[in-house]
Amino acid sequence: GYAMNSLLLGGFLAVMLTGVPIAIAMCIGSLLYIWFSGTIPPLTVVHRMVGGVDSFPLLAVPFFILAGNLMNSAGITNRIYNFALALVGWLRGGLGHVNVLGSMIFAGMSGTAIGDAAGLGTIEIKAMKDHGYSAEFAVGVTAASATLGPIIPPSLPFVIYAMFANVSVGALFLAGILPGAVLALLMMLTVAYFAHRNKWGGDIRFEWARIIKALVELLVVALFPVVIWVLTTRAGWPHVPTVAGVLLALLIADRVFRFNAVLPIMTPVLLIGGMTAGVFTATEGAIAACVWSLFLGIFWFRSLNWKMLIKVSMDTIETTSIVLLIVAAASIFGWMLTVTRTTELIAGWVLGFTTDPWMFLLLANLLMLFVGCFLEPTAAITILVPILLPIVHQLGIDPVHFGLIMVLNLMIGLLHPPMGLVLFVLARVAKLSIERTTMAILPWLIPLLVSLGLVTYLPSISLWLPRQFL
């Protein structure tokens, strides 16, 4: 048994180290095992791969990617940037704060760290360089704040984790909100530290009118779900016409007051509100987010044309096919790990080493940070969940809490070599070498690792919101 198990894992690792894409490496590992064991019919591979992708929750993937791409192309990034600038641009180290806040808001649309880094990062790095900040500081803060993309809902890694770990997508989305806020706060404190040390001033003048307008926008967004809840729950109005009516009122207000960011920020509000109220599933929510983004881009802001729409659709197809190929390959690989009882053996070995949840979480964090340096998040989640989740259940750790820990670890992995995709995107945007970009990102690992520690060992940060609403 051991020899065959090591053939499955060893074959996969050996093929992967030769530089073959991860999805194909998983398939080859599984096929090698089937070939040599002779106990499983080879066609099982095809059945399992098709079965792995044939899932309703996974339909959310292309739609979340599409919604993020639409938001990126519809000129909405500029509006979010201007809104963040009005709110915090006057603070010392202003554009650093704008960068974090902008990413936090944009995270509610794109759902991927790469989308955030490429979309907002391009505007932010240019603005920061124009204002005399060093390229290194600009890249560091942009990279760190891009990790908010998948923590603050909606989030692509959460959808994939939810499917493999069999937990509710809605619970994960709610669980990401407070950790996202903690992350943003620690990053803004880091910006404040740099600003204090280098004696930077603000980047725009402090003006009450500008700040009050931004605060009013925040208030409008916050009141939206409250108004809906009161009208539907207390007054007993039907859901759909009520939401449509309130949205119409919002659109009229937007025309009168010329808001910067209210309508874009409605995307995550509608999505999470709808899922929490049980109006729609994550998949339907993703479609609603796409419809809203299309409406804003084509009819309201008129910033999307057909040519851009075709490009956005092609980009979405490309990203989706990569993600789904990995998921398909991982479902056969994960199934093989279970059938060959490899996961049981690994669980037994780990539990023989430690049965203390604290110690296990520390080891799991180290493992995931290490894996995150080499694999992109989708692949890492699909491989790690079948291996780690049985141990999580045995130690009584909440799988929703563990999902947050896993995604945060893998986001931090995106920031450093050898495989850090955010690192490569930003090096290209800022026109810096990979070495200089890596050095620029290093100080920003401190607030990220501190927040990782907090999220890991204070489960209530993640679990308080889901427990209130679900």
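Residues numbered from 1 in each chain as written. Predicted model: local features only at pLDDT ≥ 70, side-chain atom pairs only at ≥ 80, totals over all residues. Heavy atoms only, no water.

Caption draft 1: Up close: helix 20 (residues 421-430). Within the span of helix 20, buried status applies to Val-422, Leu-423, Val-425, Leu-426, Ala-427 and Ala-430. Positive phi shows up at Lys-431, right after helix 20, with a value of about 55°. (Buried < 20%, exposed > 50% of the residue type's maximum accessible area, 1.4 Å probe, protein only. Helix = DSSP H or I, 4+ residues; strand = E, 2+ residues; numbered from the N terminus.)

Caption draft 2: Up close: the packing of aromatic side chains. Tallied over the entire structure, the rule returns 20 aromatic pairs. Seen in terms of ring centroids, Phe-295 and Phe-299 are 6.3 Å apart; in terms of plane orientation they differ by 40°. Their pairing is tilted. Here Phe-299 and Phe-295 lie together in helix 14 (residues 282-300), a separation of four residues that amounts to about one turn. Its relative accessible area of 55% is what places Phe-299 among the exposed residues. Members of the aromatic cluster, connected to one another through ring pairs, are Tyr-133, Phe-137, Tyr-193, Phe-194, Trp-200 and Trp-444. The ring of Phe-301 is capped by Arg-79, whose NZ or CZ atom sits 3.8 Å from the centre of that ring. (Phe/Tyr/Trp six-rings, centres within 6.5 Å; stacked < 30°, edge-to-face > 60°. Lys NZ or Arg CZ within 6 Å of the ring centre and 35° of its normal.)

Caption draft 3: Region of the structure containing the side chain of Asn-365. Positionally, Asn-365 belongs in helix 17 (residues 357-374). On the basis of relative accessible area, Asn-365 is assigned to the buried category, the value being 8%. Those residues in contact with Asn-365 that lie beyond four places of it in its chain are Ile-405, Asn-409, Leu-452 and Thr-456. (Contact = heavy atoms within 4.5 Å.)

Caption draft 4: Just the pattern of salt bridges, in detail. Counted according to the given criterion, the structure contains six salt bridges. Between Lys-311 and Asp-315 there is a salt bridge whose closest N-O contact spans 3.0 Å. Highlighted residues: Lys-311 and Asp-315, both in helix 15 (residues 306-339), separated by four residues, approximately one helical turn. Lys-311 sits in the exposed class, given a relative accessible area of 53%. Look at Asp-315 and you get partly exposed, because its relative accessible area is 30%. (Salt bridge = Lys/Arg side-chain N within 4 Å of Asp/Glu carboxyl O.)

Caption draft 5: Spatial organisation of the nonpolar core. Counting residues in hydrophobic clusters, the biggest one holds 162 residues, and the most contacted among them are Tyr-161, Phe-360, Phe-402 and Met-406. Per element, the largest residue contribution to this core is 12 residues, and it comes from helix 15. With sequence-adjacent residues up to four places away left out, Phe-402 is seen in contact with Tyr-161, Phe-360, Leu-361, Ala-364, Met-368, Leu-388, Leu-389, Val-392 and Ile-397. (Core = buried A, V, L, I, M, F, W, Y, C linked by side-chain atoms within 4.5 Å.)

Caption draft 6: Up close: helix 2 (residues 22-37). In a regular helix each residue adds 1.5 Å, so 16 residues correspond to 22 Å; helix 2 covers 23 Å between its end C-alpha atoms and thus fits that length. When helix 2 is considered as a whole, its buried residues turn out to be Ile-22, Ala-23, Ala-25, Met-26, Cys-27, Gly-29, Ser-30, Tyr-33, Ile-34 and Ser-37. Buried positions along helix 2 lie against helix 1 (2-17), helix 3 (44-53), helix 15 and helix 18 (377-394). The positive-phi residue at the C-terminal boundary of helix 2 is Gly-38, with phi of around 70°. (Expected span 1.5 Å × (residues − 1).)

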